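Residue-level structure breakdown
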Amino acid sequence: MRNKFDPDVLSIALAEPSRRALLENLRFGPKTVSELVQATQLKQPNVSNHLAKMRLQGIVRAERMGRQVYYSLSMPFADVLMRMHEYVSNSVANGVAGSPPAAESSGSHPIAADVQAAPMNNDHRGSVEHSGPDDARPPLMEWRNTYFQSIFGGKEDQATHLVNAMLSQGLDMATIYTEVFQWAINRIGDLFQQGATDEAHEHMASAITERMMARVAQFHNPVTRSQYRAVLGSVAGNWHVMGLRMLADGLRALGWDTVFLGANVPTASFASMVQLMRPDLIVISCAMEDQALELRELIACLRAQPAQAEKPFVIAVGGQYVMSHANLLADLHADFSAPDLPHFLAEIRARYTLHSKN
Ligand code: B12
């Protein structure tokens, strides 16, 4: 067995010029094999081979869009290099340079063990595809529990490590957001309801999750642009914004131009922003009964905007309040709703033709 710090072995992964050239190119966004061949002047089989290996190592991920497969970095560049280092160290420690790290059932790093035990996702079909309960991989339960513990304990570094692990395993945005983040946040909400935790914990967990979402979204850049624009905002009085941010990130990953207004948007300024931006879709989030009147007023105000007559837009409403009131949609004169991100994206796919190039 070679020494763990053998510079020859490290150089294979870290200083291999072709891989470095490919990674350098992927720093600036997703690319196809042909684009990478053109950019690096490497031979096509070489490029494919390197990409396949780096995909197995969780360094790059692949997304199919129509007939094209796009490759992108699965995490920040610095983390990619660190992961290569970690990977080579593990491989050398196991005596097989270049093979995947062996699963460890115990050890000082529980997250690392989860990652190693997880199967590779070789059927990655798109950046915002939802895996669904049927193909939920076993580690999902462990990931969401570990994520819950991280945000509940205020361990942002641990959460970051876990998010990196999920990204490098090819977990898509909708699965990470819904099955892990939403699940964990709602669990903290349940604890709050039972009096088992306090507002400070809820705020801390929410703040960490918003940062983790930014991390995931950074690696789900759209590979093509659609011609559609959405304006998203929470109704006046509503400080719940995470769900809305998820929808915004999902739309952006599909190539939409998104204008995110955030929490507690006063009705009049929401409406004037719509007038200014001329969106195709307006996405409104309403979490509480107390905001029902504002929601109603906002929709009435939007319907009365000249923009509605000049370029008709669709209004989607959702959030805890909407979900808990059947038949509200028709009553509000809204166009559609959805209980969560995957259903929202399914509705978007059904209503709009996506990925038309500029
Ligand atoms: C986290 C949280 C907070 C955080 C929010 C932080 C943030 N940055 O967003 C903070 C601490 C600020 C907060 C404050 C309050 N909260 Co609070 N909060 C929650 C909690 C635990 C989770 C909400 C959440 O973010 N979930 C994760 C996201 C991803 O899920 P989501 O919001 O449901 O969004 C998904 C879907 O709803 C849907 N969706 C959302 N919007 C839209 C829009 C459209 C168009 C579509 C199609 C779909 C859609 O897609 C999203 C993604 O999958 C819920 C409990 C729960 N189970 O929902 C209570 C909850 C919403 N809060 C509640 C309450 C009462 C409050 C407070 C009054 C007091 C408190 N508990 O601290 C204040 C009120 C603040 C205000 N005026 O808005 C109540 C509301 C009860 C009600 N229906 O009237 C809940 C339900 C808790 C409860 N069971 O009592 N809260």
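Residues numbered from 1 in each chain as written. Predicted model: local features only at pLDDT ≥ 70, side-chain atom pairs only at ≥ 80, totals over all residues. Heavy atoms only, no water.

1. Notes on the overall build of the protein chain
Short version of the rule: Secondary structure elements are defined from DSSP: runs of H or I of at least 4 residues count as helices, runs of E of at least 2 residues count as strands, and each element is numbered from the N terminus. Only heavy atoms enter the contact rule, under which two residues are in contact if any of them lie within 4.5 Å.
Counting its regular elements, the protein chain contains 17 helices and 6 strands. The long-range share in the protein chain, meaning contacts at least 24 apart out of those at least 6 apart in sequence, stands at 72%.

2. What to know about the side chain of T146
Put simply, the rule reads: Identification of polar contacts relies on pairs of N or O atoms within 3.5 Å, with a donor-acceptor requirement for protein atoms, meaning one able to donate a hydrogen and the other able to accept it, and with residues adjacent in sequence counted only if both atoms are side-chain atoms.
Relative to the assigned elements, T146 resides in helix α7 (residues 139–152). One polar contact links the side chain of T146 to the main-chain carbonyl oxygen of E142, over a distance of 2.7 Å.

3. Points about the coordination of the cobalt atom of the ligand
Geometry sets the ideal angles at a metal, namely 109.5 degrees for four tetrahedral donors and 90 or 180 degrees for six octahedral donors. Operational definition: Coordinating N, O and S atoms are those within 2.8 Å of the metal (3.2 Å for Na, K and Ca), and as water is not part of the atoms, a site may appear to have fewer donors than expected.
No other protein atom reaches the cobalt atom of the ligand as a donor apart from H240 (NE2), found 2.2 Å away. With respect to the helices and strands, H240 occurs in the loop between β3 (229–235) and α11 (242–253).

4. Describing the pattern of salt bridges
Spelled out, the test is: The rule for a salt bridge is simple: a side-chain nitrogen of Lys or Arg has to be within 4 Å of a carboxyl oxygen of Asp or Glu. Only protein chains enter the area calculation, which uses a 1.4 Å probe; residues under 20% of their type maximum are buried, those over 50% are exposed, and those in between are partly exposed.
Within this structure, the stated rule accounts for 10 salt bridges. The residue R144 makes a salt bridge to E179 at a minimum N-O spacing of 3.0 Å. With R144 in helix α7 and E179 in helix α9 (residues 173–193), this pair connects stretches of sequence that are 35 residues apart. Exposure remark for E179: the relative accessible area of 19% places this residue in the buried category. Close ionic contact of D257 with R229 constitutes a salt bridge, the shortest N to O distance being 2.7 Å. Taken as a pair, D257 in strand β4 (residues 257–265) and R229 in strand β3 lie far apart in primary sequence, 28 residues in all.

5. Considering the site of the ligand
Note the threshold: What makes a residue near a molecule or strand is one non-hydrogen atom of that residue sitting within 4 Å of it. Only protein atoms enter the calculation, which uses a 1 Å grid: trapped sets of points that fit a 1.4 Å probe without letting it out are cavities, open sets showing protein on both sides within 12 Å along at least five of seven lines are pockets, and any residue with an atom within 4 Å of a point is a lining residue. For a cavity or pocket, the test is whether more than half of a molecule's atoms lie within 2 Å of its grid points; if they do, the molecule sits there.
Inspection of the region around the ligand gives 38 residues, with Q182, E210, W239, H240 and S285 positioned closest. V241 is positioned such that a nitrogen or oxygen atom in its backbone is 2.8 Å from an oxygen atom of the ligand. Most atoms of the ligand, that is more than half of them, are within 2 Å of grid points of the largest pocket. Breaking the shell around the ligand down by element, the ones donating at least two residues are α9, α10 (199–218), α11, β5 (281–285), β6 (314–318), α15 (320–323) and α17 (341–351). Broken down by element, the residue count for the shell around the ligand peaks at 6 residues, all from α9.

6. With respect to the sheet that holds β6
Filter applied, for reference: Only when DSSP finds a minimum of two bridges between them are two strands counted as paired. Between the N-to-C directions of two axes lies an angle of 0 to 180 degrees, each axis being a line fitted to C-alpha atoms and, for a helix, fitted only over the stretch in contact.
Reading across the sheet, the 4 strands line up as β4-β3-β5-β6 and stay open at both edges, with parallel pairing between neighbours. Each end of this open sheet is capped by a strand with a single partner; those strands are β4 and β6. When the angles between neighbouring strand axes are averaged without regard to direction, this sheet yields 15°. In terms of strand pairing, β3 meets β5 through 5 bridges, oriented parallel. Within β5, the residue paired with L232 across the bridge is V283.

7. Concerning the pairing of β6
Taking burial as the measure, the 5 residues of β6 include 5 buried ones, the bulk of the element. Judged by which residues are buried, β6 turns out to be covered on both faces: V314, A316 and G318 on one side and I315 and V317 on the other are all buried. The sheet contact formed by β5 and β6 spans 5 bridges and is parallel. Residue pairing for β6: I284 is matched across the bridge by V317.

8. Some points on α11
Put simply, the rule is: To estimate the expected span of a helix, count its residues, drop one, and scale the result by 1.5 Å.
For α11, with 12 residues, the first-to-last C-alpha span of 16 Å sits near the 16 Å given by 1.5 Å per residue. Along α11, 9 of the 12 residues are buried, which leaves the element largely enclosed by surrounding structure. Within the span of α11, buried status applies to M242, L244, M246, L247, A248, D249, G250, L251 and A253. Elements that come into contact with the buried residues of α11 comprise α9, α10, β3, β4, β5 and α17. In the stretch just after α11, G255 is the one whose phi turns positive, near 100°.

9. Considerations on the layout of surface pockets
If a probe the size of a water molecule is rolled over the atoms, the empty space left behind becomes visible. Under the convention used in this document: Grid points are joined across faces, edges and corners, and a volume is the space filled by probe spheres set on the points. For this classification, Asp, Glu, Lys and Arg are treated as charged, while Ala, Val, Leu, Ile, Met, Phe, Trp, Tyr, Cys and Pro are nonpolar and the rest, including Gly, are polar.
Within this model, the largest pocket holds a volume of roughly 1,200 Å³. Residue lining of the largest pocket: 39 residues in total, with H240, V241, M242, G243 and Q320 positioned closest to the centre. Of the residues forming the lining of the largest pocket, the biggest block, 8 residues, is contributed by α9. Considering only residue class, the lining of the largest pocket consists of 20 nonpolar, 14 polar and 5 charged.

10. Topic: the packing of helix α8 (residues 156–168) against α9
To keep things clear, this is the line we draw: Note on convention: near helix rotated counterclockwise from far helix by under a right angle means a left-handed crossing. Clockwise means right-handed.
Viewed as axis vectors pointing N to C, α8 and α9 meet at an angle of 145°, and their least axial separation amounts to 12 Å. Along this stretch, α8 crosses α9, giving a crossing that reads as right-handed. For the pair α8 and α9, the contacting residues are V163, M166 and L167 in the first and I176, V180 and F181 in the second. For the contact of α8 with α9, the class distribution of residues is 6 nonpolar, no polar and no charged.

11. Description of the confidence of the model for the protein chain
Regions with low pLDDT carry predicted coordinates that are not meant to be interpreted in detail. Going by this rule: Known as pLDDT, the predictor's per-residue confidence is scaled from 0 to 100.
For the protein chain, the mean per-residue pLDDT works out to 81, and 78% of the residues sit at or above 70. Counting contacts from residues 1–11, a segment whose pLDDT is below 50, to residues more than four positions away or on other chains yields 16 contacts. Here residues 96–138 is modelled with pLDDT under 50, and outside its nearest four sequence neighbours on either side it reaches 80 contacts, counting other chains as well.

12. Brief notes about the packing of helix α2 (residues 17–26) against helix α3 (residues 33–40)
The geometry of a pair of packed helices is captured by two quantities: the angle between their axes and the separation between those axes. The condition that has to hold: The cut-offs work like this: below 35 degrees is roughly parallel, past 145 is roughly antiparallel, 65 to 115 is roughly perpendicular, and the gaps in between are oblique.
Between α2 and α3, whose axes approach to 10 Å, the crossing angle comes to 115°. With respect to their mutual orientation, α2 and α3 come out roughly perpendicular. Crossing of α2 against α3: the hand is right-handed. For the pair formed by α2 and α3, the contact residues are A21, L22, N25 and L26 on the first element and L36, A39 and T40 on the second. Classifying every residue of the contact of α2 with α3 gives 5 nonpolar, 2 polar and no charged.

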